[in-house]
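# Structural description and commentary
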Amino acid sequence: LQIKLYDETFTVLRDSGLARAVAIIQNPNNGEVLALVSFPDFDNNIFSSGVSGDDYRRLFENKSKPLFNRAISGLYNPGSTIKPLIGMMALEEKIMSPEDTITNCIGLTVNNPYDPSDSYTFNNWRIEYGPFNLKRAIANSCNIYFFTVGGGNGAVKGLGAEKIGRYLKSSFADSTLGIDLPGEEKGFVPTPEWKNRERGESWYLGDTYNISIGQGDLSVTPLWLNSYISAIANGGDIYRPRVVNSIIDHDNLILELAPQVIGSLP
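All figures in this text were calculated on a predicted structure; none of them were measured in a lab.

## Overview of the overall build of the protein
Check the secondary structure of the protein and you find 10 helices and 8 strands. Counting every position in the protein, which comprises 266 residues, the buried fraction comes to 42%. Relative to all contacts within the protein whose residues are 6 or more apart in sequence, the contacts with residues 24 or more apart total 63%. Within the structure as shown, the protein displays about 14700 Å² of accessible surface, and the carbon and sulfur contribution to it stands at 51%. If the 23 positive side-chain charges of the protein are averaged to one point and the 30 negative ones to another, these points end up 4 Å apart.

## A closer look at the packing of helix H6 (residues 143-151) against helix H9 (residues 205-212)
Here H6 crosses H9 at 125 degrees, and the two axes come no closer than 8 Å. Considering the angle they form, H6 stands oblique to H9. Handedness of the crossing formed by H6 with H9: right-handed. Contacts from Phe 146, Phe 147, Gly 150 and Gly 151 of H6 reach H9 at Leu 205, Thr 208, Tyr 209 and Ser 212. Among the residues making up the contact of H6 with H9, the classes are represented as 4 nonpolar, 4 polar and no charged.

## A short note on the nonpolar core
Counting 49 residues, the largest nonpolar core has Tyr 145, Leu 168 and Trp 224 as its most contacted members. If you look at the next biggest cluster of nonpolar residues, it comprises 7 residues, including Leu 5, Ala 35, Val 37 and Phe 39.

## As for helix H10 (residues 222-234)
An ideal rise of 1.5 Å per residue puts 18 Å on 13 residues; H10 measures up with 18 Å between its terminal C-alpha atoms. For H10, the set of buried residues is Pro 222, Leu 223, Trp 224, Leu 225, Ser 227, Tyr 228, Ser 230 and Ala 231. Along its buried surface, H10 packs onto strand S1 (21-26), helix H3 (70-73), helix H4 (83-92), helix H7 (161-170) and strand S5 (237-239). Looking one or two places after H10, you find Gly 235, whose phi comes out positive at around 105 degrees.

## Observations concerning the environment of Cys 105
The residue Cys 105 is located in strand S3 (residues 105-112) in this model. As for Cys 105 and Leu 34, which are separated by 71 residues in sequence, their C-alpha atoms are 38 Å apart.

## What to know about unusual backbone geometry
Here the residue pair Phe 39 and Pro 40 is connected by a cis peptide bond, since its omega of 0 degrees sits within 30 degrees of zero. With phi around 55 degrees, Lys 65 is a residue other than glycine that occupies positive phi space. With respect to the helices, strands and loops of the structure, Lys 65 is situated in the loop between helix H2 (53-60) and H3. Unusually for a residue other than glycine, Ser 141 sits at a positive phi of about 55 degrees.

## As for the pattern of salt bridges
Taken as a whole and judged by the stated rule, the model has 9 salt bridges. Lys 163 is paired through a salt bridge with Glu 93; the nearest N and O atoms lie 3.1 Å apart. A residue pair is termed long-range when its members are at least 10 positions apart, and Lys 163 in helix H7 and Glu 93 in the loop between H4 and S3 qualify at 70 residues. Taking relative accessible area as the criterion, Lys 163 reaches 27% and is therefore assigned partly exposed. One salt bridge connects Glu 198 with Arg 197, and the closest N-O pair in it is separated by 3.3 Å. Like Arg 197, Glu 198 is exposed.

What counts as what
Residues numbered from 1 in each chain as written. Predicted model: local features only at pLDDT ≥ 70, side-chain atom pairs only at ≥ 80, totals over all residues. Heavy atoms only, no water. Helix = DSSP H or I, 4+ residues; strand = E, 2+ residues; numbered from the N terminus. Buried < 20%, exposed > 50% of the residue type's maximum accessible area, 1.4 Å probe, protein only. Contact = heavy atoms within 4.5 Å. Areas by Shrake-Rupley, 256 points an atom, 1.4 Å probe, with all protein chains shown as cover. Lys, Arg positive; Asp, Glu negative; His and termini not counted. Charge placed at Lys NZ, Arg CZ, Asp CG, Glu CD. Axes fitted to C-alpha atoms, helices over the stretch in contact; angles between N-to-C directions. Parallel < 35°, antiparallel > 145°, perpendicular 65-115°, else oblique. Left-handed = near helix turned anticlockwise from the far one by under 90°. Nonpolar A, V, L, I, M, F, W, Y, C, P; charged D, E, K, R; others polar. Core = buried A, V, L, I, M, F, W, Y, C linked by side-chain atoms within 4.5 Å. Expected span 1.5 Å × (residues − 1). Salt bridge = Lys/Arg side-chain N within 4 Å of Asp/Glu carboxyl O.

Take it as geometry only, folks, not as evidence of what the structure does.
What follows is the structure, encoded as structure tokens:
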């Protein structure tokens, strides 16, 4: 499975003219990491016999950082992969029911509260007409729907930045999951207090819209993304990701690691 995932990811990168990617396969029922690749890769066999000058430069002076495990240490905007979680927040808080819809998926215009003549329109990435409920919004990745449930629009109040932040943190977005590999990073969930403290700026409605579609200052690891989607698949349990299944010495079982639930989707 590891070889298959490696080959498939390599093919995608080659055909796209790209060099960096992450791919993870987990069993959602127990957190087992069945395959994991991070590109660009390297051959760790070179460390067994001494690293040549060329190898050193290729590994340590490469701007693409082949030694950097992007799957567990890389922090990225989750983008539209966060939308199922935002949708569940909206259902939990009764912002929307599964049947409630927005009219179209085109754009959302916000007026400047300090200057009514000034406005800004947040557009969808493509124009789509007709009603959008949660299922269609996820299927078609409708930004306008998630702007609406995240920050509000018209009669829809929206979750707001504080609730979104609370749910993300309760789902471990800004925590390490404890995978049995070194170097796992924790994600970052921006808040109005953080922006005011660190940047000396107020939090705007546009900031809430941005995090509602996984943009702005929100950043997470690919491992966390895979783990939260796994929790949706298994009914809500967030498992500690693990690479090791058991430890064996001279054919004798020393330790068999059991699945560990570390939390649940709130």
